[in-house]
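A structural walkthrough
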Amino acid sequence: MRILDEHRTGTIRVIGAGHSWNGGIETSGALVDLRHFRRIRIHPDRRRVSVGAGCRIAELLAHLARRGLTLPSIGLIARQTVAGAVATATHGSGRHSMSHYVESMRIACYGKGGEAEVRRVDSGQALRAARCSVGALGVVFEVTLKCVPQYYVRERCVWRSDLDAVLDNESAAPLQQFYLIPHTWAYLEHERSVAPDNHRSGIAMLYRVYWLIVIDVLLHLGIKLTASLLRSRRLVDVLYRRLLPACIFPKWRVTDRSDRQLLMRHDLFRHLEMEAFVPREKLRPALDFVSAVLRAADDADYDVSAGVQDRIRALDMRDSFERIRGSYSHHYPICVRRVRPDDTLISMASCHGMEERDWYAISLITFAEPRLPFQNVARLLATTMAPLFNARLHWGKWFPLNAGEVERSYPGIREFRAACEGFDPRGVFRNPFLEEAIFRTFDHHNS
Ligand SMILES: Cc1cc2nc3c(=O)[nH]c(=O)nc-3n(C[C@H](O)[C@H](O)[C@H](O)COP(=O)(O)OP(=O)(O)OC[C@H]3O[C@@H](n4cnc5c(N)ncnc54)[C@H](O)[C@@H]3O)c2cc1C
C-alpha cells in the first residue's frame, strides 16, 4: 500500500522471474519483486489452490505432487512465478492457457479517487481482464487456480509425412505438440495423451536421462555451436538431416508423471522467442506462409509460391519481403501447440466476442546473435500474419506489434482497456511497452 501511495503519480511495474522477452517489466519508477510471497494453501475441496504471486511454478507443482494433485496446464518450463505466468497466458499443448484456470485474484490497485486499495476479483468482466492482464490492473499478490488430481502422460516422438497426418492423430493424442523442422521441413510429432492409469513405465528414468542429455543439452549445444558460434548453415543442415533423425526413437512409448513429462529444460541456453497464435482454420495457410518466408530468408533464390506472393503484395509488403531475402537462416524447430479457447479478454486464445475455437501457437526461436536479422524476419511475419491470419502474439515473448495492429485481432481489447481504467485511473501500472502494445490507440480515440 505504501508503495502504491508513494508512486501514485509515477509508474509501478512488477517483476516475476524476469523470463519474458519484452519490456513488460521495465519501469522508470518502482519495480516490485514479490519473491517472498510464496504461501501455498490447498482448499478443502482439493480443487483449488491459493498461492502467493511470487511462488515459482516448480515449487507449486512439487507441493501439489506431494498431495496427489497438479495443475491442469503448464508451459515447457516451471521457473516462472505463478503471477508472471498467468499475467502473460502461459500455455502448454492441448489444454487452455494457465490464465483460463484462474478462479480469483487479490490485486493491489487504485480506487476511483486514486486511493490505494486491495481488491478481490472473482467474477465477471473484471476476472476475465485479470486472468491475463500483463500487469496492467495492478500488483497481483495472490492467485487462486484450479488444481486437478495428478495424472500421467504417455508419449512418443514420431515422424509424420505432412500436417494432415499430424492433425489426424490429434483426437488420439490430444496433448500433442509438433515441430516443423527447418532445412528438411519434415514434421515431428510429440504424441501425447493422458495415460489410463498412474503407472510409471519401467524405462521412464532412462527416458528422462536421455531427454535431458541428448535433447535438452547435446542437441541444443549443437544448435548453439553450429548456428550461433560457427554460423555454418551447412552444419545446421547436417544436424537436422543426419543427427536429429538418429536421436529420435519412435518405438519408445513412455508413461511418466505429467509434470516430469511435460517440462523441458529450455531455460538452459539463452535464446529469443516470438510466438504467434492463429485460429484452427488458419493453421495450414499460416504454416505454409511461415515456412515460405523462412525459406526465402534462408535462400535469396527460393521460389515463393504465387499464393504467398499475392498475400504479401495485397498488404503492400513486397519491399519489406525482398529486404529479408537471404538475410537469415532459421535454425530451430518451429514448435506448434494447440491451446483451447480461454475465458479471458486478451489472452492469446481468448474467444471473447467470437466463436469458440482452438488456437495454435507457432513458436519461432533463435540462438543466433546479433538478433537483428531474426528480428527483421519475425517483425515481417508478425505484421503480415496479424491481418492475414488474425495472428496474436504471446504477451510474454518478443512483441513487435503496436496497439493498432493488436486491436484488429482482439475483440476483447476495448473492454480490457475499460477494465484497466477501473483499477488504475491514472495509468500508474502502464509503461512504454504497455502503452505501445495496448493503450496508445485508446488514448488517441479519447483525446
Ligand atoms: C526458457 C523459457 C521457456 C518458456 N516456455 C513457455 C511455454 O512453454 N509456454 C508459454 O506460454 N510461455 C513460455 N515462456 C514464457 C514465460 O512463461 C512468460 O514470459 C512468463 O510471463 C514468465 O514469467 P515470469 O515469472 O518470469 O514473469 P516476468 O517475465 O517477470 O513478468 C511477466 C509479466 O507479468 C507481469 N507480472 C509478473 N508478476 C506480476 C504480479 N505479481 N502482478 C502483476 N503483474 C505481474 C510483469 O510485469 C510482466 O509484464 C517461456 C519463457 C522462457 C524464458
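Rules used throughout
Residues numbered from 1 in each chain as written. Predicted model: local features only at pLDDT ≥ 70, side-chain atom pairs only at ≥ 80, totals over all residues. Helix = DSSP H or I, 4+ residues; strand = E, 2+ residues; numbered from the N terminus. Rg over C-alpha atoms; globule rule 2.2 N^0.38 Å. Buried ≥ 20, exposed ≤ 12 C-beta atoms within 10 Å, placed from the backbone. Contact = placed C-beta atoms within 7 Å. Axes fitted to C-alpha atoms, helices over the stretch in contact; angles between N-to-C directions. Parallel < 35°, antiparallel > 145°, perpendicular 65-115°, else oblique. Left-handed = near helix turned anticlockwise from the far one by under 90°. Nonpolar A, V, L, I, M, F, W, Y, C, P; charged D, E, K, R; others polar. Pairing = 2+ DSSP bridges. Arc of directions from axis to C-beta.

This paragraph deals with the overall build of the protein. Scanning the protein for helices and strands turns up 15 helices and 17 strands. Over its C-alpha atoms the protein spans a radius of gyration of 22 Å, differing by no more than 12% from the 22 Å that the globule rule assigns to 447 residues. Dimensions of the protein, computed from the C-alpha atoms along their principal axes, are close to 65 × 55 × 40 Å. When each of the 447 residues of the protein is scored for burial, the buried share is 44%. At a minimum sequence separation of 6, the contacts of the protein that also span at least 24 residues come to 71%.

To describe two helices that pack against each other, one gives the angle between their axes and the distance between the axes. Closest axis-to-axis distance for the helix 9 (residues 283–298)/helix 12 (residues 372–389) pair is 11 Å, and the angle between their directions is 155°. The orientation of helix 9 with respect to helix 12, classified from their angle, is roughly antiparallel. Between helix 9 and helix 12 the crossing geometry is right-handed. Touching P285, A286, F289, V290, V293 and A297 of helix 9 are V377, L380, L381, M385, L388 and F389, all from helix 12. Among the residues forming the contact of helix 9 with helix 12, the class breakdown is 12 nonpolar, no polar and no charged.

Across the sheet, which stays open at both edges, the eight strands sit in the order 13-10-12-11-15-16-14-17 with antiparallel pairing between neighbours. In the strand order of this sheet, the two ends are held by strand 13 (254–257) and strand 17 (392–393), each with one partner. For strand 14 (residues 272–279) and strand 16 (residues 359–366), the ladder comprises eight bridges, and the chain directions are antiparallel. Paired with F277 across the strands is A361, a residue of strand 16. Running over the sheet, helix 12 touches strand 14, strand 16 and strand 17 and is turned about 15° from strand 14.

Structurally, Y110 is set in strand 6 (residues 102–110). By the C-beta count within 10 Å, which is 22 here, Y110 ends up buried. Separated by 312 residues in the primary sequence, Y110 and G422 place their C-alpha atoms 8.1 Å from one another. The contact partners of Y110, leaving out residues within four places of it in the chain, are L4, E115, A116, F423, D424, P425, R426 and V428.

Listing the buried residues of helix 2 (residues 57–65) in full gives I57, L60, L61 and L64. One side of helix 2 carries all its buried residues, which in axial view fall inside an arc of 100°. Looking at the buried residues of helix 2, the elements they touch are strand 3 (40–42), strand 4 (48–52), strand 5 (69–70), helix 3 (82–87) and helix 8 (258–262).

Right, let's talk about unusual backbone geometry for a bit. The omega torsion of the bond from E369 to P370 falls at 0°, within 30 degrees of zero and hence cis. Examined against the element boundaries, P370 turns out to sit in the loop between strand 16 and helix 12. Here the phi dihedral of W185 falls at roughly 55°; this positive angle occurs in a residue that is not glycine. Relative to the assigned elements, W185 resides in the loop between strand 11 (177–180) and strand 12 (187–194). Looking at W185, the number of C-beta atoms within 10 Å reads 13, which means it is partly exposed. The backbone of R231 shows a phi angle near 50°, a positive value even though the residue is not glycine. As for its position among the elements, R231 is in the loop between helix 6 (204–229) and helix 7 (233–247).

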